[in-house]
Amino acid sequence: MKANSRWYEETIGKLEPYKSSLSKREQKKYQLDLLERVSRRVAEFNEECGECQLFQQEITAYVNELGNMVHLSDNTRRKQYRRRLKQTVRHLQSQHKLVPKGHHVGLWISIGTGIGVAIGAAMGKTGVGIPIGIAIGVAIGMMLDARAKKEDRVI
Ligand SMILES: [Zn+2]
């Protein structure tokens, strides 16, 4: 665990100059925030999970290449990494029971819309049902997101 937390701190340290020099938009483009959050999780599971070890190596490669990517605006490489980062998040979700930020609200808005359609159909007024359904969905989603956050399960 010590080696991993050292790796995490090093990774954050390497990202620091980019966070202070790149614009907010560019930081988003290179997903620096997500990268940090994913790094913390991957470091956490590294010892018990081979895939997380692999992701950890890839994050290190990403961070080391970041300077070049920014300098050359290498979009091909950036998109490759974006895809891998997405896979990492998916792995953290399926294997380690974590959830992305705002996951439940997004999910429950669509469930709520379905419920709203049913409510609307029952009342004979579709236009009235949908906003009610969405409101229910947002309320449930926010509750579940808050719980996930409290349990430290949010990526
Ligand atoms: Zn893992």
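The model shown is predicted, which means the values in this text are computed figures rather than measured ones.

Let's talk about the packing of helix H4 (residues 50–72) against helix H5 (residues 75–96)
Packing of H4 against H5 leaves a shortest axis separation of 11 Å and a crossing angle of 155°. Judged by the angle between their axes, H4 and H5 are roughly antiparallel. Between H4 and H5 the crossing geometry is left-handed. Touching Glu51, Cys52, Phe55, Glu58, Ala61, Tyr62, Glu65 and Met69 of H4 are Arg77, Arg78, Tyr81, Arg84, Gln87, Thr88, His91, Leu92 and His96, all from H5.

Focus on the packing of helix H3 (residues 32–45) against H5
Here H3 crosses H5 at 45°, and the two axes come no closer than 11 Å. Overall, the two elements H3 and H5 adopt an arrangement that is oblique. Crossing geometry of H3 relative to H5 is assigned as left-handed. Residues Leu34, Leu35, Val38, Arg41, Val42 and Phe45 of H3 form the contact with H5, whose participating residues are Leu85, Thr88, Val89, Leu92 and His96. Of the residues that constitute the contact of H3 with H5, the class distribution is 8 nonpolar, 2 polar and 1 charged.

Looking at unusual backbone geometry
Residue Ser73 is not a glycine yet carries a positive backbone phi of 40°. Mapped onto the secondary structure, Ser73 falls in the loop between H4 and H5.

Some points on the domain arrangement of the protein
As far as domains go, the protein holds domain 1 (2–96) and domain 2 (103–150). Computed from C-alpha atoms alone, the centre-to-centre distance between domain 1 and domain 2 is 34 Å.

Conventions adopted
Residues numbered from 1 in each chain as written. Predicted model: local features only at pLDDT ≥ 70, side-chain atom pairs only at ≥ 80, totals over all residues. Heavy atoms only, no water. Axes fitted to C-alpha atoms, helices over the stretch in contact; angles between N-to-C directions. Helix = DSSP H or I, 4+ residues; strand = E, 2+ residues; numbered from the N terminus. Parallel < 35°, antiparallel > 145°, perpendicular 65-115°, else oblique. Left-handed = near helix turned anticlockwise from the far one by under 90°. Contact = heavy atoms within 4.5 Å. Nonpolar A, V, L, I, M, F, W, Y, C, P; charged D, E, K, R; others polar. Domains from an automatic or database assignment.

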